Amino acid sequence: MKRFGNCEVLVVGGGPVGAVAAKTAAHFGAKVVLIEKRSTISESRRCTGLISPRCLKEAEVDKGVVVREIRGGIIYAPSGRGIKIKARDTKAIVIDRPLFNRRLLEQAQEAGVEVLFSTEAIALDGDSIKLKRNGHIYSANAKVIIGADGPKSKLAKWVNLPPPTKFLLGIQAIVPYEPEEASFLKILFDHQIAPSFFAWVVPAESGVARVGLATDKKRKIFSYLKRLLEKINCKALNFTVGLIPIGARKKTFADRVIVVGDAAGQTKPASGGGLYTGIVCGKIAGEVAAQCALAGETSEKALAIYDEKWRRKIGKELSIGMLVHRFLAGLSNRELNILFNLLDNQMLLDIVGNYGDIDYPSSVVNIFFKQMKNQYIKDKSIKIDYPFLKV
Ligand SMILES: Cc1cc2nc3c(=O)[nH]c(=O)nc-3n(C[C@H](O)[C@H](O)[C@H](O)COP(=O)(O)OP(=O)(O)OC[C@H]3O[C@@H](n4cnc5c(N)ncnc54)[C@H](O)[C@@H]3O)c2cc1C
């Protein structure tokens, strides 16, 4: 077996989160190698690329990746009733996702990270990790390994980390589309189309939209997409599928290993978005990995600080997101229709439009549930577990 050079931090996975973790570790002075099993950056449209302006800033990526600004949305009930939410300013942006990934990897390289494509981590073997590259097997040593290897993380499996709470399956198509309002997206709640989650129509590059849905009923995903496309009267130019882990792993570190991004299940459970949270956690992972590697303290106990730090930063937000997901997933179409009737209230919609934040929805969720609670007391026809409304 051939030997690979040693490094202080090895990052497995060249997605956006791995790139940010690698760049940060290099900034903190570590010698960093990032490996990516694909031969090039994925051009896949697996991700809608809907993020907040804050996320772009956090990623330190220029506005050249932005293909559209979003200033509001129409949210549809199963009945077809639409609630329009208008924001005063840009609440979200749609990005060219492969270009975004490319920019992040370039930044990592500029920071001194060695990026190796066509290189796959295939096993952990005591103190070393086995890599496959161009048909050869190599053995490499790293003081700390960051697993940023996506939702089906092998790193997490090799060190026996508990799984995320659940996996949704997402499917997305690119369709020809001329929106009535160029800066408005559409969200559809309907168990006939996206059981337990929702579907979306996001205007993207000129003349096209990214249309998709996520669900936990994975086996029927193609028929759901067909139904969605029929409903919005569009034909798919192409489509992709991908897993969305929700409910972060209860433990995200082990001896010499930490996991981050989708590998850790750090996506927002209410929306499935994982770029902002992954990038925030990627920075923490890179910093902790570099500091521990340089100090020679790479035990499970030393790396536990990573878990503490990221949970302090976004743990509460993810927990509230999980409650919101469970709540919405548990409602029938009839109950969703009632909920929409309750919410179609101008004052509430103004609050959401003005203060809504796709990265930190909890601020609005609190107002939302207070309103729900008041309405619930008046309207007993909606069967919602009362203690839940105390969130
Ligand atoms: C349909 C869909 C729509 C989405 N839309 C949005 C959205 O609008 N906004 C948002 O914020 N999030 C969205 N997400 C989620 C978002 O795409 C992910 O959270 C994000 O890509 C996570 O980044 P990551 O770097 O952790 O993982 P990934 O992007 O999955 O990257 C992991 C990388 O690791 C590589 N890899 C895996 N195993 C190995 C190995 N053994 N050795 C070497 N390399 C390996 C893979 O090839 C891959 O490049 C969406 C997801 C889906 C499925």
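Residues numbered from 1 in each chain as written. Predicted model: local features only at pLDDT ≥ 70, side-chain atom pairs only at ≥ 80, totals over all residues.

**As for the sheet that holds strand β17 (residues 238–246)**
Spatial ordering of the open sheet is given by β7-β6-β14-β15-β16-β13-β17, a layout of seven strands whose pairing is mixed. The two strands at the open ends of the sheet, each matched to only one other strand, are β7 (82–86) and β17. Taken over all neighbouring pairs, the strand axes of this sheet differ in orientation by 20° on average, direction set aside. Two strands pair when backbone bridges link them, and strand β6 (residues 72–76) and β7 are joined in this way by five bridges, in the antiparallel orientation. Looking at the pairing, G72 lines up with K86 of β7. Against the sheet, helix α5 (residues 221–232) contacts β13 (166–176), β15 (199–203), β16 (208–215) and β17, and its axis sits at roughly 140° relative to β16. (Pairing = 2+ DSSP bridges. Helix = DSSP H or I, 4+ residues; strand = E, 2+ residues; numbered from the N terminus. Axes fitted to C-alpha atoms, helices over the stretch in contact; angles between N-to-C directions. Contact = placed C-beta atoms within 7 Å.)

**A closer look at the pairing of strand β3 (residues 32–35)**
Regular strands place side chains that alternate from one sheet face to the opposite one. Residues of β3 alternate between two faces, with V32 and L34 on one and V33 and I35 on the opposite face, all of them buried. Viewed along the sheet, the connection from strand β2 (residues 7–12) through helix α1 (residues 16–27) into β3 turns out right-handed. (Buried ≥ 20, exposed ≤ 12 C-beta atoms within 10 Å, placed from the backbone. Right-handed = clockwise from strand over helix to strand, strands pointing away.)

**Here's the deal with the site of the ligand**
The immediate surroundings of the ligand are formed by 39 residues, with G13, G15, G170, G261 and G274 found nearest. Within the residue set of the shell around the ligand, elements represented by two or more residues are α1, β4 (50–51), β10 (119–125), β13, β17 and α6 (275–295). (Near = placed C-beta within 6 Å.)

**Some remarks on the sheet that holds β4**
With antiparallel pairing, three strands are arranged side by side in an open sheet as β4-β8-β5. Of all strands in the sheet, those bounded by a partner on one side alone are β4 and β5 (66–70). Relative to strand β8 (residues 92–95), β4 runs antiparallel, the two sharing two bridges. The residue bridging I51 from the neighbouring strand is I93, located in β8.

**Examining the environment of I129**
Locating I129 in the fold gives a position in strand β11 (residues 128–133). With 24 C-beta atoms packed within 10 Å, I129 lands in the buried category. Separated by 79 residues in the primary sequence, I129 and V208 have C-alpha atoms spaced 43 Å apart. Excluding residues within four positions of it along the chain, I129 makes contact with L10, A121, L124, A140, A142 and I145.

**Remarks on the nonpolar core**
Counting residues in each nonpolar core, the largest one holds 105 residues, and the members touching the most others are V9, V32, I146, L213, I258, V260 and A289. Sort the elements by how many residues they give to this core and α6 lands first, with 12 residues. (Core = buried A, V, L, I, M, F, W, Y, C linked by C-beta atoms within 7 Å.)

**Some details on the packing of α1 against α6**
At a minimum axis separation of 7 Å, α1 and α6 run at an interaxial angle of 30°. Seen from above, α1 lies across α6 with right-handed handedness. The segment α1 lies against α6, with P16, V17, V20, A21, A22, K23, T24 and A25 engaging L275, G278, I279, G282, K283, A285, G286, E287, A289 and A290. Of the residues that constitute the contact of α1 with α6, the class distribution is 11 nonpolar, four polar and three charged. (Left-handed = near helix turned anticlockwise from the far one by under 90°. Nonpolar A, V, L, I, M, F, W, Y, C, P; charged D, E, K, R; others polar.)

**Topic: the domain arrangement of the chain**
When the parts of a complex come together, some accessible area is lost, and that lost area is often used as the size of the interface. Taken domain by domain, the chain comprises domain 1 (2–324) and domain 2 (325–390). Look at where the C-alpha atoms of domain 1 and domain 2 centre, and you get two points 28 Å apart. Of the residues lining the interface, 32 residues belong to domain 1; the matching set on domain 2 comes to 22 residues. (Domains from an automatic or database assignment.)

**Comments concerning α5**
Here α5 contains 12 residues, and its C-alpha end-to-end distance of 17 Å stays within 8% of the 16 Å for a straight helix at 1.5 Å per residue. For α5, the set of buried residues is Y224, L225 and L228. Down the axis of α5, the sector holding all buried residues measures 100°, keeping them to one side. Turned more than 90 degrees off the buried face of α5, the exposed positions are F222, S223 and E230. If you follow the buried residues of α5, they end up packed against β13, β15, β16 and β17. Backbone geometry just after α5 places N233 at a positive phi near 60°. (Expected span 1.5 Å × (residues − 1). Arc of directions from axis to C-beta.)

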